[in-house]
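Examining the three-dimensional arrangement
So the chains spell out like this:
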Number of protein chains: 2
Amino acid sequence: MRAILVGFGFIGRNLVKSIRDKLAVIKSFHPQFKLVGISDVEGFLFDEEGLDLERASSISKITEYLEKIHEGSSIELIERSEADVLIEATPTNVVDGQPGLSHIEKALNLGMHVVTSNKGPLVIAFKRLMDLAKRKGVELKYEATVAGAIPIFSLVRDCLRGNHVRKIYGILNGTTNYILSRMHFDDISFEVALREAQERGIAERDPTYDVEGIDAACKVVILANAILGKDAKINDVKREGIKRVSREAVRLARKAGYAIKLVAVVGDRLEVGPRLVALNHPICVHGTLNAVHLETDLAGEITIVGPGAGEETVSAIINDLLSLPMSGGYR
Amino acid sequence: MRAILVGFGFIGRNLVKSIRDKLAVIKSFHPQFKLVGISDVEGFLFDEEGLDLERASSISKITEYLEKIHEGSSIELIERSEADVLIEATPTNVVDGQPGLSHIEKALNLGMHVVTSNKGPLVIAFKRLMDLAKRKGVELKYEATVAGAIPIFSLVRDCLRGNHVRKIYGILNGTTNYILSRMHFDDISFEVALREAQERGIAERDPTYDVEGIDAACKVVILANAILGKDAKINDVKREGIKRVSREAVRLARKAGYAIKLVAVVGDRLEVGPRLVALNHPICVHGTLNAVHLETDLAGEITIVGPGAGEETVSAIINDLLSLPMSGGYR
């Protein structure tokens, strides 16, 4: 199996390190596994014999691997590589899904499997991409797009076979959960908690995408389409952020045995907004943790909790990679 | 796929109902699926064309299906049935694993897959049974033996591929968790909480197996062997029950932000005993819920929560059944 990685940011760099560390395990699933290419905005690395994983793990930008890299786009790498799988890890763009959308479409059209951590293309075109993958007889896998390291899609697909999932709800954004947890435990305002989160690198300088609930709404769209079989778009999600959650409201909730959490609901209605959650409820997790709660017909109510972002997300990409069918001729 | 069910107690009867309700889904995995036999201590039903699922779902003992059932043992049903899979759902016996152990060995030796909800055989002979299954080229699946509906084994196997699990801990017994939760929230003694649990059918008349931590210790043995690759026996588990947990201790813990829980630890040490758990910790679940916490190298810390017993356990058996390879000739 020949893999290429498009996108060499935080997730991409950590993935390369994990591929290096876990090469023996990966080869026990895909004996001929090789990482043959990496691209970012500056160009791409390509070696059909496989890149040097030790060197690729030690760099922060691909020009540090080779003085002179191939000048050309990620699309050129995808076309040239003859890879069996594209790992797409460019940043999420919820306006038009680009550039990830083009990368994924190109790879699927060339008959490559795709594993992605990029929500944008799935929010914009979930059904079209899944149909394309099916037509081409390849897999499009996206475990890393929702709830970080929590393997929610494979949990439903591989561990709850025979179950019908009626409804999903949970905490799907680590940044806002960190802010609300600080407000809950330390009785501080939203503004102070946000500033602290920014200083610690948990919130971005422009925190809109997280605090307005846009990130969580993207995840609602993907869950709705992937698990409940809907054809939802981001505008179908009723959304409210956490900016207007006051210190006083958090304090009153706490006294009554609740926390205010940014809760995502995926059922008949699609919603993201601040909600009271009983402190004893399994989804009432704190800090940057995420939690996903499933209502099923056979297994009852199942909750899964884990890191919602960060390097642990690589676990989801690796599981997707190891779940792919072996490619023809065991190459 | 021809299936037989040995054991027609609470789990067996609920399983037959779920097979009836989910037949279309089951057939989407195993097109020729038929339940051809059911046995209990009184004898067995056998029809190679498949039993009438509607009738089998409406009875509480197998003599209600037919006035005259086949007189003979479960072993005779296993031998005569030529089934592809045995579903073993007789009660757990931790002393010698019988009669489940003989049923499972017989079926594996005949080249049948086995799906079991019975802890006994696995506690007594995990490694021997897994080796036998491997030698015979069949599967032995046991999702229902630990934590009820929580699919812990398939979670590790199918959703966390590439991860190394370092340690597991959690709440693995619903009866004791119910008792401790009542003590925590209602400030009552162990004796009163136990009596109430018995009245509600959550604790058995002889509660030893649960309150002494024996049930949880069995689950520790299975987790240790299945996930951490150990060859543990029940005597390797350091065990303490909850009888000596006082009302005063529970009250003090609560005031300090903790609950006393019967915690099972599966790591370098194997332990079951009452422990302080922070109220904010993801495993701090209440009532009859169970929770399993995994420490992994890639995904970080993952917790999964769900019903630890009851009819929801059928979900685990169904998932095991649907995870089996299709049998030769698609029969």
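Residues numbered from 1 in each chain as written. Chains lettered and ligands numbered in written order. Predicted model: local features only at pLDDT ≥ 70, side-chain atom pairs only at ≥ 80, totals over all residues. Heavy atoms only, no water.

Remarks on the relation of the copies chain B and chain A
- When chain B is fitted to chain A, the best match, at an RMSD of 0.0 Å, comes from turning it 180 degrees and sliding it 0.0 Å along the axis. Taken together, the rotation angle and the small translation identify this as a two-fold axis. Every residue of chain B has its C-alpha some distance from the rotation axis, and the shortest such distance is that of Ile304(B), at 2.2 Å.
- Here 100% of the contact residues of chain B are again contact residues in chain A; the copies associate through an equivalent surface. (Least-squares fit on C-alpha atoms with pLDDT ≥ 70 in both. Contact = heavy atoms within 4.5 Å.)

Considering the interface of chain B and chain A
- Counting from both sides, the interface comprises 38 residues of chain B and, opposite them, 38 residues of chain A.
- Of the roughly 3000 Å² buried where chain B meets chain A, counting both sides, 60% is carbon and sulfur surface.
- Its largest share of buried area at the contact with chain A, chain B owes to Cys159(B), Arg161(B) and Leu298(B), together 21% of the area lost on that side.
- At the surface where chain B touches chain A, the tally comes to two salt bridges.
- Notably, a salt bridge pairs Lys22(A) with Asp297(B), separated by 2.5 Å at the nearest N-O pair.
- Between chain B and chain A we count 18 residue pairs in polar contact (both at pLDDT 80 or more) in total.
- Residue assignment for the side of chain B that touches chain A shows that the elements contributing at least two residues are helix 2 (23–29), helix 7 (152–159), strand 12 (301–307) and helix 13 (314–323) of chain B.
- With seven residues, strand 12 of chain B is the largest single contributor of residues to the side of chain B that touches chain A.
- Its residues assigned to classes, the side of chain B that touches chain A shows 19 nonpolar, 13 polar and six charged.
- In this structure, strand 12 (residues 301–307) of chain A lies alongside strand 12 of chain B, joined through three bridges in antiparallel fashion. (Buried area = accessible area lost by both parts, 1.4 Å probe. Salt bridge = Lys/Arg side-chain N within 4 Å of Asp/Glu carboxyl O. Polar contact = N/O pair within 3.5 Å; in protein donor to acceptor, adjacent residues only side chain to side chain. Helix = DSSP H or I, 4+ residues; strand = E, 2+ residues; numbered from the N terminus. Nonpolar A, V, L, I, M, F, W, Y, C, P; charged D, E, K, R; others polar. Pairing = 2+ DSSP bridges.)

Considering the side chain of Thr313(B)
Residues and elements named next belong to chain B.
- Tracing the backbone shows threonine 313 in the loop between strand 12 and helix 13.
- Threonine 313 gets classed as buried once you look at its relative accessible area, which sits at 4%.
- The residues touching threonine 313, leaving out its near neighbours within four places in the chain, are Ile11, Ala144, Gly148 and Ala149. (Buried < 20%, exposed > 50% of the residue type's maximum accessible area, 1.4 Å probe, protein only.)

Observations concerning the side chain of Glu143(B)
All names here are of chain B.
- For glutamate 143, the location among the structural elements is in the loop between strand 6 (140–141) and helix 7.
- Buried charge glutamate 143 goes without a salt bridge, the closest partner of opposite sign being arginine 157 at 5.5 Å.
- Discounting residues that sit within four places of it in the chain, glutamate 143 has contacts with Gly148, Ile150, Pro151, Ile152, Phe153, Ser154, Ala316 and Asp320. (Lys, Arg positive; Asp, Glu negative; His and termini not counted.)

Description of the packing of aromatic side chains
- Counting across every chain of the model gives four aromatic pairs over all chains.
- Judged by centre distance (5.6 Å) and plane angle (75 degrees), the rings of Phe126(B) and Tyr142(B) are edge-to-face. With Phe126(B) in helix 6 (residues 119–136) and Tyr142(B) in the loop between strand 6 and helix 7, this residue pair connects regions lying 16 residues apart in the sequence. The two residues Phe126(B) and Tyr142(B) agree in class, both being buried.
- Three or more aromatic residues link up through ring pairs in this structure, and these residues are Phe126(A), Tyr142(A) and Phe153(A).
- One Lys or Arg, Arg55(A), reaches over the ring of Tyr65(A) and ends 4.9 Å from the middle of that ring. (Phe/Tyr/Trp six-rings, centres within 6.5 Å; stacked < 30°, edge-to-face > 60°. Lys NZ or Arg CZ within 6 Å of the ring centre and 35° of its normal.)

So, to be careful, I would describe these as geometric facts and stop short of saying anything about function.
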